[in-house]
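A closer look at the structure
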Amino acid sequence: KYLLNVFNFLLIIIILCVIIFISVFWYFGKDLPSFNQLSNYEPPIISRIFASDGAFVEEYSRENRVFSSFEHIPEQLINCFLVAEDRNFFEHIGFDIKGIIRAAGKNAMNVLKNKRPQGASTITQQVAKNFLLSGEISYSRKIKEIILSLRIENTLSKKQIIELYLNEIYLGNRSYGVASASMNYFNKSLNELSLEEMALIAALPKAPSTYNPFTNPEKALNRRNWVLGRLHSEGFIDIEKFKNTIKTDLKLNKKVKVFSKKASFFKEAIRREIIKKYDEEKLYNQGLSIMSTLDTKLQLLAEKSFQRGIKEFDYRKGWRG
């Protein structure tokens, strides 16, 4: 009789939990935005102007992004993001119960210490938040995140989800997505990155401004080394590789625009012509490749000749420094 009472009590508790669970999901899930746009993702990407010899002249964009398909993203770069952001990405159903419990414990301590609460967002949840939700910190948004994550996981493959994430995420220094970050920090394409460079890029999502290697090199180095340590502890690299890469210094290489301050009137004429022929949306968001008639050698010679002529004219009228 005692065991029967205990069983009945547990059964009632379970039924109540199920009812509460269904009610919460129904309440928060009824007015959520549609995630169908994720299946036809067309991110705003950079438009570029090229000279007649193929040299890069200028770029226009609202978000500095170069789209890269999953197949063109190095496997080790994906591993770096997994160990830094969501180790169980390929196993979970959209949210990580262990991570939520762990974060709840830490947040209980953070409340007592008056610290900012921590999230336990998986990569899928971050996709849901970045594409479909606001950035507010609240438990209601977290519930919406989880509901959307479950729906996304039922619609898209894991490869599609991580492709969305790695192309959309902001990584500081006007870099949206990993391909843009690779160019802005190292002036390299993704397939040219070394392991330590991949680790640095994966170190940035947590706090892009805090770990910006140009402004906070020491913090960036420590965070990069933490990612390398996680790669080793999770078995993605051996101890020898870990020891060798952790010793390397930060070697940054800003992308140099030879014509950033050259041919300004010519570039502006092209910009206006494209906007007149199409519109601003086309130029700033849709990744046009614009081949121009600009002769880079003649342009540089013409500008030097013009500057020299101005100085000589100034000399003739009386030098004023």
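Model, not experiment: these values are computed from the prediction. (Residues numbered from 1 in each chain as written. Predicted model: local features only at pLDDT ≥ 70, side-chain atom pairs only at ≥ 80, totals over all residues. Heavy atoms only, no water.)

When you go through the chain residue by residue, the secondary structure sums to 13 helices and three strands. Within the chain, the fraction of its 321 residues that count as buried is 40%. Long-range contacts, defined here as pairs at least 24 residues apart, represent 65% of the contacts in the chain between residues at least 6 apart. As displayed, the chain has an accessible area near 19,400 Å², and 57% of this comes from carbon and sulfur atoms. (Helix = DSSP H or I, 4+ residues; strand = E, 2+ residues; numbered from the N terminus. Buried < 20%, exposed > 50% of the residue type's maximum accessible area, 1.4 Å probe, protein only. Contact = heavy atoms within 4.5 Å. Areas by Shrake-Rupley, 256 points an atom, 1.4 Å probe, with all protein chains shown as cover.)

This part is about the side chain of Asn-184. Turning to its location among the elements, Asn-184 is positioned in helix α7 (residues 178–186). For Asn-184, a relative accessible area of 8% puts it in the buried group. Within the structure, the side chain of Asn-184 is placed 2.8 Å from the side chain of Ser-175, a separation counted as a polar contact. (Polar contact = N/O pair within 3.5 Å; in protein donor to acceptor, adjacent residues only side chain to side chain.)

On to the pairing of strand β1 (residues 47–50). Summarising the sheet, β1 and strand β2 (residues 56–60) pair through four bridges and their orientation is antiparallel. Bridged to Phe-50 within β2 is Phe-56. Counting the residues in the hairpin turn of β1 and β2 gives five residues, including Gly-54, whose phi is positive at 90°. Of the strand pairs in this sheet, β1 and strand β3 (residues 289–291) are connected by three bridges, and their pairing is parallel. Considered in β3, the bridge of Arg-48 is made with Ser-289. (Pairing = 2+ DSSP bridges.)

All right, on to the pattern of salt bridges then. Under the criterion given, the structure shown has twelve salt bridges. Salt-bridge contacts for Lys-267 lead to Glu-58; the nearest nitrogen and oxygen are separated by 3.1 Å. On the criterion of sequence distance, the pair formed by Lys-267 in helix α11 (residues 264–277) and Glu-58 in strand β2 is long-range, its members being 209 residues apart. A relative accessible area of 4% places Lys-267 in the buried class. Here Glu-234 makes a salt bridge to Arg-230, at a shortest N to O gap of 3.1 Å. Within the structure, one salt-bridge network assembled from shared partners comprises Glu-63, Arg-65 and Glu-168. (Salt bridge = Lys/Arg side-chain N within 4 Å of Asp/Glu carboxyl O.)

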